[in-house]
Amino acid sequence: MSVVDYSQTAEDHQCFLVLVRPTGKLLSGKHFSRCWERIVQLNCVAIPGQKRVMWIRYKRQYSAESNEWGDFQVHRKALGLISVGRCSNEAEFQDLFESYKKEKECYADSLYNSRLIVFGMNRDGSEIQRTDSKIGGDDSPPPTFKMDSFDLESSDSDSVVPERLDGDAESEYRKGTVEVLDPLQFDQRECDTKADSEVPRVVKNSPIVNNNNNNKKDDSAGPQITFIRTKSEKADNKKVENKKLDDLKKPPVKRTGSNNSLRDAPGSEVVFYPSVDNCEGLEEGLKDFVTSLFFVLEGKRLDRGFEKGDRSMLLRAPFEKKDFVGLDTDTKSFKKKCQGRLRKHLADLCLIAGMPGEAMLHYTTALDLLKPVNDNLWMAACYEGLCSTAVITQFGTQAGSQSTLRRNQSFSTKRGVASLDKQKPGLQHSYANGFQDLAEASVKSNLDADDITEKYKEALMYYSKYKNAAVVEMEASLKACRILILLKRPLAAADFLQNVIYINLQLSDEDRISRYSTLSSLYSQIGFQRKASFFKRVAAMQCVAPQNPRPNWVQCHHLLVQALAGYRIHLDPKDSHAVPGEMNGWTVIQTRVLHELIYSAKRMGNLQLAVRYLTILLHTQLDYLSDSEKRELVTNLEGFTGSCEGTVNTLALDSGVLVPHVPLINVPRVKTFKLLPLATHLEPRNLRAPEASASDSVFIFTPLNIGAVEHMADRPEVDFKWVEGDLCEVELVMCNPMPDALSLSQLSLLTEGVAVETFPSSVVLPVAPSLYRAKITMRPTAAGELSIVGYHTKLYGVRSNCKLRDCPSIPQSLFKIVVTSALPQAHLSTSLPCSADFLSFGEGLNVVTSATAVLYCGQSKECTVTIQNKSRLPIDWVKVSLEATRDSKDYVNEVYMWNSENVQSQLPIPPSGVLCFTMVLQGIGDFLIPGVGKGGRDSLRRLGEPVNQLVSLGRVVEGVLRVDYSGGPGYHDNLCRCSSVAFSVDILPSVVFTKWNVMLSESSDHCYVILDLKNVCDHDTEVRYSGQSAYLKHQHIRSICIEVERLEPGLVDSHTDAQFSSLLASFLDITYTIPSQKVSGKVDASRLTWTKEQQQLLCLSPVSWDIHLNGQVISPLHIGSLEYRTGQLIRLDVEATIQSETSELFGRGAVLTVCCCQHHDNGVVSYNTDQYVIAMGNQDLHVEQISSDTPVHHSCTYMFTCAGFYKFDIQLRVGSGETQSDINYGNGGQGNPMVNIVQGHGHSYTVKDEGQDSKPLLLKCLSVIEVNIVE
């Protein structure tokens, strides 16, 4: 025997071997495969009436040489034959039947029964009418058949007598008057409930058929195959009954065919079916066929059991036949050998017949008989049978019951729905080889796992002594290995597999491939994955060995793919559990295996597959390849992709293996992947920010970290948004691991969600260890959420879809970003030059351009701002505002000014349209020297003091012109954009005020404003005022006097100091010109601060004073003091006239008071002068009623006894009866908190807020009345 069955298991010892062969030339391989799939599902049949099951093993091909070993081991004998053919007429059937007979002749010595299944004809054997609309439909009757007659008494074979028949029924059965029903047919009650149900019956010498022969067998006619139709009656349908009677009256259709000279054959059987799809009775017929095999076997077992040893013939293996020629058969050893071999054969029959207990007893008895005669070959078979019986006893019962249950369930469903397990019984477990966990069986064996192992070793030892039994030895080793896998003993199983390797057989190339594949499968089941892959690879190399005349590269490739797992090579890198940067497996072997895969794919002609394997090699082995190997690999890859470009699609092989797309993630290596936000001026913003209520948002600070800390770097969401229709960018930082420059093309993004328009780019990465930055541009075409999951490249002709989740250096598996509705884009520009050094105001101000200007203090300049719409959407809304830094926030609005109504009048801005408006830049300043505050009369005395160190050097006023605009769909979604222009105005000093004061003029309704101006610029300046001009050189100071009309009375009380200063500045028209710079400006005096006295001088007085000292008139412009001697009498005449405009003073009482005070050199004023001054006359004059016609006149004489400077204070108090003692002279009438002083023309008056009826007024003469008393 030279053919090894590598699928042999210990459970096969209990199985019937049934051949299923295609017969004839008309049956296609596809139809035979479909029929085969239905037949092999019936692998276990329960014997009716007995607690035994029958196991069947089907084979498509079985050599006659292997069949000769059936006497040595019964499970090797082909006991049944099922031939499947196709025909459509009588002539084709005759040819098919002749082929069927030839098939039987090949296995004539071993067959118990056979069956011919014919497709293409009606179930009654007639030709199918092609004009029928329904061929082989439900109206076709089910097949019935008559088995060829034979003599039950004279036949040496066992009769097929169902065990459910006993007594008279059995005698009637042997007479041929009883119909034998299908052993596994449906319950009769179920059949009765079905209308027109048809059940096939096996008829032996039926009286219906042999009616004309008076139930006698016609020996001359020879064996016949008769087909009979029967139907169950249905009483409530007369048409059906009449049809049945008509069918019974028709003569049966007969087909005759020689049954050749098969001895002991129970007969032949032919079944017709219209088609493979319409063969509903196939399983039932197969069950009947298998049951007939069992009864024949059971009869042979009984015959062998009662056969005497001295009369039995010697059973021999095929190669032993020549060894017993001329051997003495009367010796005792020969008889024992006959008896022992007979016992062993009987044990095989018992095991197949479902009696493992008796089989084990017979095997033990056979061993006892064979050991004394040293029949090693048959002893080995006994040991093997014992081990198989032990395994079947312990693990086969449960599996058999499960399979029987599954098979019975299949017959309770429609054809094609049942899905029976195709595995062999007892081969289901959760271990690595597919077995179920070991469970307690109902029948116990006296052999444990160690005994089974030892007996298998003894069997192999005896087998090894016979060179002709090498095949049996190899199959026994495989069986032992599978049993030890079941027992979870991998090391012992590996020893038996090693024995398989050492067995030397002359095998064909196909057998060698099967041998190595089987070794690989078994090594994989025991966990030796590396050895499994080694033998799988050896099998692959055997397919294309040099001595193989027909190399099979497809099979070689298929086996190499199966060997990848043991070498830790994965076609899909996602299946690998390797840690990045660590070695996973043997890189040299992995590279060699991948090269073999590439070469096999190339020899297959599948260049696409070769490119995919080259990509896997480059992806997985890049870190372990030298520079020369990398260059060679790139050369091969470019050569293949020149004819076949590498795609991103999954490749499906004919074997069903899927080779997924492997992206070149490591070439180049992406270090960072970053989404870039839009430019700050293009970012979408909320048009109207929601107002936050203080009650709704409560801020509570705590230093505790409550909750889990979320890593911002791992979040897929970004904190900015993109806009529909805008160009968006993603930045990749990459490095080149190859020895040569990389030329990346079609670099683009992989996105999900919103549709985008990509703009592939090309990048060339130089050979350098430094990082290279590349940007990918895209444009979203709709609003929504966009997910970026990776990038796409084309390198070496291979397209790669690189997912971020596969990149080890990128923590995120994707990036999510919100795409808002489309917004217009505007470009801002100005007529001013841009700043050389761009001033930064922060990212939030969105500065897109800058503008700079140099102004002198007081100078103004115009600037044109242009807003240009560069998009396809109109700009419907524009808002212009100004922002400034903290230092210039107070006066930035005075520097930059524009007309907002002009801006709004030009809306909307159409696409490619512009909006222009004018901005005025003012060089504002306070025109003051730093450190100089309020002016006064005394300030004129310090005009000569140096002020160079206080000169201001100017200032820079920075402002940001912010333009918010919106339009299109984004405007309806409450979105806008913001662009800004950074303005920088450098204000240089021109002229400054050093001192300022107010002087009374000769006219009572005018006064003089005296200003000291200093030129602090670097150029000569010409100052113009009141029609006059003054020329100032650098750092020169000049006083100017401007006569102004005095203001209305009461402005001091109704205006603040700043308001009063601004009002006065409107009367002062001062301009300057710098001829060398062609610059002119206006000097602003609104920031000058005036004292209360100066404010009173600038306002008209309600009282006109006429003062005479010893007859000399004291004018308001009098400066200096009058000199008198001590003891000299000095007469003071005072006349106060009330102006007619002050009508509120008329009719009220008043008190005129004259007071003399002394001014010391230290600036102290003393009103206690009674020791030095003698007043002659009353110093107070009470006036009962004031009128405009009668002035108030008062005279008083003074004599001074002590030298010094003295002054006279004169005041008129209206509306109060207070005396002089009630007046506080310590502050000159200004210390009372309830009065306010308003300056006038040398006079003042105060108002006391005590009601509307009486307002006390204090009017004071401010003329300087000073005397110098000398000795």
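Residues numbered from 1 in each chain as written. Predicted model: local features only at pLDDT ≥ 70, side-chain atom pairs only at ≥ 80, totals over all residues. Heavy atoms only, no water.

### With respect to the overall build of the protein chain
Thought 1: Per the secondary structure count, the protein chain includes 25 helices and 52 strands.
Thought 2: Taking all 1271 residues of the protein chain together, 49% fall into the buried category.
Thought 3: Counting only contacts in the protein chain whose residues sit at least 6 apart along the sequence, the fraction spanning at least 24 positions is 75%. (Helix = DSSP H or I, 4+ residues; strand = E, 2+ residues; numbered from the N terminus. Buried < 20%, exposed > 50% of the residue type's maximum accessible area, 1.4 Å probe, protein only. Contact = heavy atoms within 4.5 Å.)

### So, a nonpolar patch on the surface
Thought 1: A surface patch of nonpolar side chains, about 250 Å² in accessible area, is lined by Leu 1129, Ile 1174 and Met 1176.
Thought 2: Here Met 1176 shows up in strand β45 (residues 1173–1176). (Patch = residues over 30% accessible without salt bridge, like charges linked within 9 Å, V, L, I, M, F, W, Y side chains within 5 Å. Areas by Shrake-Rupley, 256 points an atom, 1.4 Å probe, with all protein chains shown as cover. Salt bridge = Lys/Arg side-chain N within 4 Å of Asp/Glu carboxyl O.)

### Focus on helix α19 (residues 627–643)
Thought 1: Between its terminal C-alpha atoms α19 stretches 25 Å, which fits the 24 Å expected from 17 residues at 1.5 Å a residue.
Thought 2: Among the structural elements, α17 (587–604), α18 (607–620) and β22 (798–803) are those in contact with the buried residues of α19. (Expected span 1.5 Å × (residues − 1).)

### Focus: the packing of helix α7 (residues 282–305) against helix α8 (residues 332–352)
Thought 1: Packing of α7 against α8 leaves a shortest axis separation of 10 Å and a crossing angle of 150 degrees. Judged on the interaxial angle alone, α8 and α7 are roughly antiparallel. α8 is crossed by α7, and the crossing has left-handed handedness. Touching Leu 297, Lys 300, Arg 301, Arg 304 and Gly 305 of α7 are Leu 342, His 345, Leu 346, Leu 349, Cys 350 and Ile 352, all from α8.
Thought 2: Partitioning the contact of α7 with α8 into residue classes produces six nonpolar, two polar and three charged. (Axes fitted to C-alpha atoms, helices over the stretch in contact; angles between N-to-C directions. Parallel < 35°, antiparallel > 145°, perpendicular 65-115°, else oblique. Left-handed = near helix turned anticlockwise from the far one by under 90°. Nonpolar A, V, L, I, M, F, W, Y, C, P; charged D, E, K, R; others polar.)

### Looking at the sheet that holds strand β33 (residues 1006–1015)
Thought 1: Spatial strand order, β32-β33-β36: three strands in an open sheet with antiparallel pairing. Every interior strand has two partners, whereas the edge strands, β32 (991–1000) and β36 (1037–1045), have only one. Strand after strand, the sheet turns through a mean of 20 degrees between neighbouring axes, direction not considered. (Pairing = 2+ DSSP bridges.)

### Points about the pairing of strand β29 (residues 914–922)
Thought 1: Residues Leu 915, Phe 917, Met 919 and Leu 921 point to one face of β29 and are all buried, whereas Val 914, Cys 916, Thr 918, Val 920 and Gln 922, pointing to the other face, are not buried.
Thought 2: Pairing of strand β26 (residues 860–869) with β29 involves nine bridges; the strand directions are antiparallel. Its bridge partner lying in β29, Ile 867 is registered against Leu 915.

### Things to note about the nonpolar core
Thought 1: Of all hydrophobic cores here, the largest spans 148 residues; its most connected members are Tyr 463, Tyr 613, Phe 673, Trp 722 and Tyr 791.
Thought 2: The greatest single-element share of this core, amounting to 13 residues, is contributed by helix α10 (residues 376–411).
Thought 3: Grouped together as the second largest cluster of nonpolar side chains are 70 residues, Tyr 965, Ile 987, Val 998 and Ala 1030 included. (Core = buried A, V, L, I, M, F, W, Y, C linked by side-chain atoms within 4.5 Å.)

### Thoughts on the environment of Met 734
Thought 1: Position of Met 734 among the secondary structure elements: in strand β16 (residues 728–735).
Thought 2: Along the backbone, Met 734 and Pro 668 are 66 residues apart, and their C-alpha atoms lie at a distance of 6.3 Å.
Thought 3: With residues near it in sequence (within four places) discarded, Met 734 still touches Pro 668, Arg 669, Val 670, Leu 744, Leu 765, Ser 770, Leu 771, Tyr 772 and Ala 774.

### Looking at a negative patch on the surface
Thought 1: Together, Glu 1002, Asp 1005, Glu 1043, Glu 1045 and Glu 1048 make up a negatively charged patch on the protein surface.
Thought 2: You can see Asp 1005 is positioned in the loop between β32 and β33. (Lys, Arg positive; Asp, Glu negative; His and termini not counted. Charge placed at Lys NZ, Arg CZ, Asp CG, Glu CD.)

### Observations concerning the confidence of the model for the protein chain
Thought 1: Summarising the model, the protein chain shows a mean pLDDT of 77, and 75% of its residues fall at 70 or more.
Thought 2: Scored below 50 in pLDDT, residues 707–713 shows three contacts in the model against residues more than four places distant or in partner chains. (pLDDT = per-residue confidence, 0-100.)

### Topic: helix α15 (residues 529–543)
Owing to its 3.6 residues per turn, the α-helix brings residues three or four apart onto one side.
Thought 1: The terminal C-alpha atoms of α15, which comprises 15 residues, lie 21 Å apart, in line with the 21 Å expected from a rise of 1.5 Å per residue.
Thought 2: Those residues of α15 that fall on the buried side of the exposure criterion are Ala 532, Ser 533, Phe 535, Lys 536, Arg 537, Ala 539, Ala 540, Gln 542 and Cys 543.
Thought 3: Buried residues belonging to α15 abut α13 (490–502), α14 (509–525), α16 (553–562) and α17.

### Considerations on the pattern of salt bridges
Thought 1: All told, the structure shown has 36 salt bridges when counted by the stated rule.
Thought 2: When the shortest N-O distance is used, the salt bridge between Arg 489 and Asp 450 registers 2.4 Å. Of this pair, Arg 489 sits in the loop between α12 (470–486) and α13 while Asp 450 sits in helix α11 (residues 449–463), and the two are 39 residues apart along the sequence.
Thought 3: When the shortest N-O distance is used, the salt bridge between Arg 1087 and Asp 1084 registers 3.6 Å.
Thought 4: By relative accessible area, Asp 1084 is classed as partly exposed at 27%.
Thought 5: Where salt bridges share partners, they join Arg 52, Glu 298, Arg 301 and Glu 358 into one cluster.

### A word on the sheet that holds strand β28 (residues 896–898)
Within a sheet, adjacent strands bond to each other through the backbone by hydrogen bonds, running parallel or antiparallel.
Thought 1: In spatial order, the strands read β24-β26-β29-β28; together these four strands make up an open sheet with antiparallel pairing. Either end of the sheet is taken by a strand with one partner, and the two such strands are β24 (826–830) and β28. Averaged over all neighbouring strand pairs, the angle between strand axes comes to 30 degrees, with direction disregarded.
Thought 2: Here five bridges tie β24 to β26, and the two strands are oriented antiparallel to one another. If you follow Thr 830 over to β26, its bridge partner there is Val 865.

### What to know about the pairing of β22
Each regular strand carries side chains that alternate between the two faces of the sheet.
Thought 1: Residues Val 798, Ser 800 and Cys 802 point to one face of β22 and are all buried, whereas Arg 799, Asn 801 and Lys 803, pointing to the other face, are not buried.
Thought 2: Of the strand pairs in this sheet, strand β21 (residues 784–795) and β22 are connected by six bridges, and their pairing is antiparallel. Along β22, the bridge assignment pairs Lys 794 with Arg 799.

### A closer look at the packing of aromatic side chains
Thought 1: Applying the stated rule across the entire model yields 21 aromatic pairs.
Thought 2: Taken together, a centroid distance of 4.8 Å and an interplanar angle of 35 degrees make the contact between Phe 1200 and Tyr 1206 tilted.
Thought 3: Grouping aromatic residues by their ring pairs yields a cluster made of Trp 69, Phe 72, Phe 319, Trp 378 and Tyr 466.
Thought 4: Over the face of the ring belonging to Trp 36 we find Arg 60, whose NZ or CZ atom lies 4.7 Å from the ring centre.
Thought 5: Positioned above the aromatic ring of Trp 586, the side-chain terminus of Arg 568 is 5.9 Å from the ring centre. (Phe/Tyr/Trp six-rings, centres within 6.5 Å; stacked < 30°, edge-to-face > 60°. Lys NZ or Arg CZ within 6 Å of the ring centre and 35° of its normal.)

### Observations regarding the state of the cysteines
Thought 1: Overall, the coordinates contain zero disulfides when judged by the stated rule.
Thought 2: Free cysteine Cys 35: the closest other cysteine sulfur is in Cys 279, separated by 6.5 Å. (Disulfide = S-S within 2.5 Å.)

### Quick word on unusual backbone geometry
Thought 1: Here the bond from Val 667 into Pro 668 is cis, since omega is -10 degrees, no more than 30 degrees from zero.
Thought 2: Cis geometry marks the peptide bond from Leu 907 to Pro 908; its omega dihedral reads -5 degrees.
Thought 3: Positioned with a positive phi, Arg 568 is a non-glycine residue whose angle comes to about 60 degrees.
Thought 4: Mapped onto the elements, Arg 568 comes out in the loop between α16 and α17.
Thought 5: With relative accessibility at 45%, the residue Arg 568 sits in the partly exposed group.
Thought 6: At Phe 927, a position not held by glycine, the phi torsion is positive, near 55 degrees.

### Quick notes on the environment of Thr 1071
Thought 1: Relative to the elements of secondary structure, Thr 1071 occurs in strand β37 (residues 1070–1074).
Thought 2: When the C-alpha positions of Thr 1071 and Glu 1022 are compared, they lie 8.4 Å apart, and in sequence the two are 49 residues distant.
Thought 3: Other than its neighbours up to four places away in sequence, Thr 1071 contacts Glu 1022, Val 1023, Arg 1024, Gly 1081, Lys 1082 and Val 1083.

### What to know about the side chain of Gln 50
Thought 1: Mapping Gln 50 onto the fold places it in the loop between β2 (44–46) and β3 (53–59).
Thought 2: Classification of Gln 50 as buried rests on a relative accessible area of 16%.
Thought 3: A distance of 2.3 Å separates polar atoms of two side chains, one belonging to Gln 50 and the other to Arg 52. (Polar contact = N/O pair within 3.5 Å; in protein donor to acceptor, adjacent residues only side chain to side chain.)

### Examining the environment of Val 4
Thought 1: Here Val 4 is to be found in the segment before β1 (15–22).
Thought 2: Sequence-distant contacts of Val 4, defined by excluding residues within four places in its chain, comprise Val 471, Met 474, Glu 475, Leu 505 and Leu 507.

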